[in-house]
Amino acid sequence: MATPHACSALVDVLPGVLRTRRALAGPPGAAAALSALAAVHELGSPRVSELADHLGLDLSTVSRKVAHLRRLGLLEAVPDPEDGRSHRLSTSAAGLAELREQRRRLVGRLVDHLDDWDDDDLDRLTGLLGRLGRPVGTPDATAEHRPTTRTQQRTA
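What you see is a predicted model; the values in this text were computed from it and never measured.

Enquirer: Explain a nonpolar patch on the surface here, please?
Expert: A contiguous nonpolar patch, built from L10, V13, L14, V17, W117, L125, L129 and L132 and spanning about 640 Å² of accessible area, is present on the exposed surface. Of all the elements in the fold, those that place two or more residues in the nonpolar patch are α1 (4-25) and α6 (119-132). Counting through the fold element by element, L14 comes out in helix α1. Note on L14: relative accessible area 31%, which makes it partly exposed.

Enquirer: Is there a simple way to explain α6 in this structure?
Expert: Within an α-helix, residues lying three or four positions from one another point in the same direction, as the helix has 3.6 residues per turn. Here α6 contains 14 residues, and its C-alpha end-to-end distance of 20 Å stays within 8% of the 20 Å for a straight helix at 1.5 Å per residue. Capping of α6 at its N-terminal end is provided by D118; its side-chain oxygen lies 3.1 Å from the backbone amide nitrogen of D120.

Enquirer: What am I meant to see in the pattern of salt bridges here?
Expert: Close approach of charged atoms lets side chains of opposite charge pair. Considering all chains together, one arrives at seven salt bridges under this definition. For D80, the salt bridge identified is with R47, shortest N-O distance 2.6 Å. Residue D80 is located in strand β1 (residues 75-80), and its partner R47 is located in the loop between α2 (28-43) and α3 (48-55); the two are separated by 33 residues in the primary sequence. For D80, a relative accessible area of 2% gives the class buried. One salt bridge in this structure joins E101 and R104, with 2.4 Å as the shortest N-O distance. One end of the pair, E101, and the other, R104, are both in helix α5 (residues 93-113), three residues apart, so they sit about a helical turn from each other. Among the residues examined, R104 registers a relative accessible area of 52% and is labelled exposed.

Enquirer: For this particular structure, what's the right way to read the environment of L34?
Expert: By secondary structure assignment, the location of L34 is in helix α2. For L34, a relative accessible area of 18% corresponds to the buried category. With 40 residues separating them in the primary sequence, L34 and L74 have C-alpha atoms 9.8 Å apart. Sequence-distant contacts of L34, that is, excluding residues within four places in its chain, are made with E98, L99 and Q102.

Basis of the calculations
Residues numbered from 1 in each chain as written. Predicted model: local features only at pLDDT ≥ 70, side-chain atom pairs only at ≥ 80, totals over all residues. Heavy atoms only, no water. Patch = residues over 30% accessible without salt bridge, like charges linked within 9 Å, V, L, I, M, F, W, Y side chains within 5 Å. Areas by Shrake-Rupley, 256 points an atom, 1.4 Å probe, with all protein chains shown as cover. Salt bridge = Lys/Arg side-chain N within 4 Å of Asp/Glu carboxyl O. Helix = DSSP H or I, 4+ residues; strand = E, 2+ residues; numbered from the N terminus. Buried < 20%, exposed > 50% of the residue type's maximum accessible area, 1.4 Å probe, protein only. Expected span 1.5 Å × (residues − 1). Polar contact = N/O pair within 3.5 Å; in protein donor to acceptor, adjacent residues only side chain to side chain. Contact = heavy atoms within 4.5 Å.

This is the structure in structure tokens:
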């Protein structure tokens, strides 16, 4: 059972984890746009309002990000068949290519940043962060958060 002392220690380290994530992800504006692009890909074909809810951001902020991504040709929008007043978003071929490239760069930065870590440590961290990142109020399904690092892939 989690104790207040242990949770307090976690609260103390989370800001550093978030700073590292921001540093690895690149400039804030670009990282935010890529987060929106990745979320559209993850969600399938959300409305802008669903995307805003998923990201935990204001609808006007997300609308501006979506408009920017559409101008860049990274997102497409089609009228929602259930509600003609709104649109469903999807990643374009260029958007998918951008997501792949950004992931490749991020993995490369992580490899450089964590060059003195071994894969067993990364496996444990991946599993624990997966558990931590589960939606609030859902049961702890540790079997759903199996790490997928090279160690596990080599033994599979």
